[in-house]
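Topology and contacts: notes
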Amino acid sequence: MSNYLPSKSEEKRGVEKIPGLKADGGNLSTFKPIESSRLKFVGRPTFNPSPFLDPLSRRIYENPLKERDPITSQTPKPPHLRVHCSKQEKIKLFELLDASDRLLLAPPKLVTPAYGSGLFAVGKSLEKDRMILDSRGANILEAPPNRWIRALSAGELISRIHLQPDEDLLSSGSDLKDFYYFFRSTPARAYRNVLVGPMHPKELCHLHSFRPELLQSPTVYGCLNTLAMGDTQAVELAQACHIGIAAQHQIVNEQNLLSLQKPTPRTKDAVGIVIDDFVVLTKQKKDEEKPSSGAIRTSQMEEAYQKVGLMPNIDKGFRDEEKATYWGLMWMVNLELSGDRFESYSSGRTDHRYGPNWICYRRPFADFGRMPHFSFSLQEEISFTYGQHFREQQRTR
């Protein structure tokens, strides 16, 4: 991080140093100082994740200060962090966060600023930026369990789906708007997100989150009152919640979950979840009517989002598509490589050759005997069991 954040002298000169972007045109990144006018926070943190988390994840989310490592003489020294903006801009940022209940103010005795967080922005579009929590200080004290990230899906997994000659693969999906920023925090989680740089109480006494007793403190700290990108636990917690919502609404189960560490589903629908993205891949007979079962599941998922206090991005949703872009890839079905060009697949041809960048193959691809099996449970610790072939290999090593 220190390689691409601008120094104080550079910031004063108006230098907007880009992560790794050098004068010789090397490594590109998009670091920016905070400009509150370019940030937008929709809605309020109305989503309570606790009912959708397993016991360990729930403890980590609700009381991170208790679950993290204690600070001792052996604890690594935290890096120098900053909220990358002027004091005037910082007050404007606090006002913006306060207006949507995403700010908590705390006296020094309740927080550990030395192991707190900074803030910076990255460009989202020509008009808007995305705020990033520089949580390297707090992250030093935490170690994610790395359990639920194993349930992430990925574009490569689509290549393992086996289609029959009379089947097409249709995709339906939805996207959550500002997923992290809808998480409702406990006070302990907000204190974990303490932002470095104390403020005088009188500078913030006009805020909705200001409490009269804070006037007795010589300084106060702002705390981000939600989950945020940059928190080392964020992906783990968000993935657990998303799967929990889908499972509790009977939309995903062990058989149809498409994930990195379980065999490719052989069910009609394969459900893939990647943090805030939800996709259903449906093997559909060519003469079957639409909407498909995957499109119906996706609509049910969007209804579930709204019930629990999340906001689906309706504009990014799609249903029963043969060509789609998600999970960092663009794919389509029914293609054939003929010479140096792609042509539409014709079932009457027998000499077709599939292109090397195809995602969906019409032949078995995975060696299921060698793949680990994912034992899915929301109420107890996640566990992984392995197929007989894998266990035999382990014993012979």
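Residues numbered from 1 in each chain as written. Predicted model: local features only at pLDDT ≥ 70, side-chain atom pairs only at ≥ 80, totals over all residues. Heavy atoms only, no water.

1. Side note on the sheet that holds strand β5 (residues 167-175)
- Spatially, β7-β8-β5-β9 is the arrangement adopted by the four strands of the open sheet, whose pairing is antiparallel. One side of each edge strand has no neighbouring strand; the edge strands of this open sheet are β7 (269-274) and β9 (318-321). Strand-to-strand twist of the sheet, defined as the mean angle between neighbouring strand axes without regard to direction, takes the value 15°.
- Where β5 meets strand β8 (residues 277-285), nine bridges bridge the pair, whose relative direction is antiparallel. Among the inter-strand pairings, Gly173 is bridged to a residue of β8, identified as Val279. (Pairing = 2+ DSSP bridges. Helix = DSSP H or I, 4+ residues; strand = E, 2+ residues; numbered from the N terminus. Axes fitted to C-alpha atoms, helices over the stretch in contact; angles between N-to-C directions.)

2. Observations concerning the sheet that holds strand β4 (residues 129-134)
- Strand order in the open sheet formed by three strands is β1-β3-β4, with antiparallel pairing between adjacent strands. Among the strands making up the open sheet, the edge pair consists of β1 (31-32) and β4.

3. Details of the environment of His242
- Here His242 shows up in helix α8 (residues 234-248).
- The buried category is assigned to His242, whose relative accessible area is 0%.
- In the structure, His242 is positioned 34 residues away from Asp276 in sequence and 7.4 Å away in space, judged by C-alpha atoms.
- When neighbours within four sequence positions are excluded, His242 is seen to be in contact with Leu176, Phe179, Ile273, Ile275, Asp276, Asp277, Phe278, Met301 and Tyr305.
- Engagement of the side chain of His242 in a polar contact is seen with the backbone oxygen of Ile275, the distance being 2.6 Å. (Buried < 20%, exposed > 50% of the residue type's maximum accessible area, 1.4 Å probe, protein only. Contact = heavy atoms within 4.5 Å. Polar contact = N/O pair within 3.5 Å; in protein donor to acceptor, adjacent residues only side chain to side chain.)

4. Quick notes on the packing of aromatic side chains
- Following the criterion strictly, the structure yields 10 aromatic pairs and no others.
- Centre to centre, the rings of Phe41 and Tyr181 are 5.2 Å apart; their planes meet at 80°, and the pair counts as edge-to-face. Here the residue Phe41 occupies a position in the loop between β1 and α2 (55-62), and Tyr181 occupies one in the loop between β5 and α6 (187-192), the gap between them amounting to 140 residues. Accessibility classification places Phe41 together with Tyr181 in one group, the buried group.
- One aromatic cluster is present, built from ring pairs that chain together Phe47, Phe52, Tyr61, Phe179, Tyr180 and Phe183. (Phe/Tyr/Trp six-rings, centres within 6.5 Å; stacked < 30°, edge-to-face > 60°.)

5. Quick look at the confidence of the model for the protein
- Mean pLDDT for the protein: 81, with 76% of residues reaching 70 or above.
- Note that residues 10-25 has pLDDT below 50 and, in this model, 33 contacts with residues that lie over four places away or in other chains.
- Confidence drops under a pLDDT of 50 for residues 336-397, and excluding neighbours within four residues, the segment shows 123 contacts in the predicted structure. (pLDDT = per-residue confidence, 0-100.)

6. Points about the environment of Met332
- On the secondary structure map, Met332 appears in strand β11 (residues 329-332).
- Owing to a relative accessible area of 27%, Met332 belongs among the partly exposed residues under this scheme.
- With 10 residues separating them along the chain, Met332 and Glu322 place their C-alpha atoms 5.7 Å apart.

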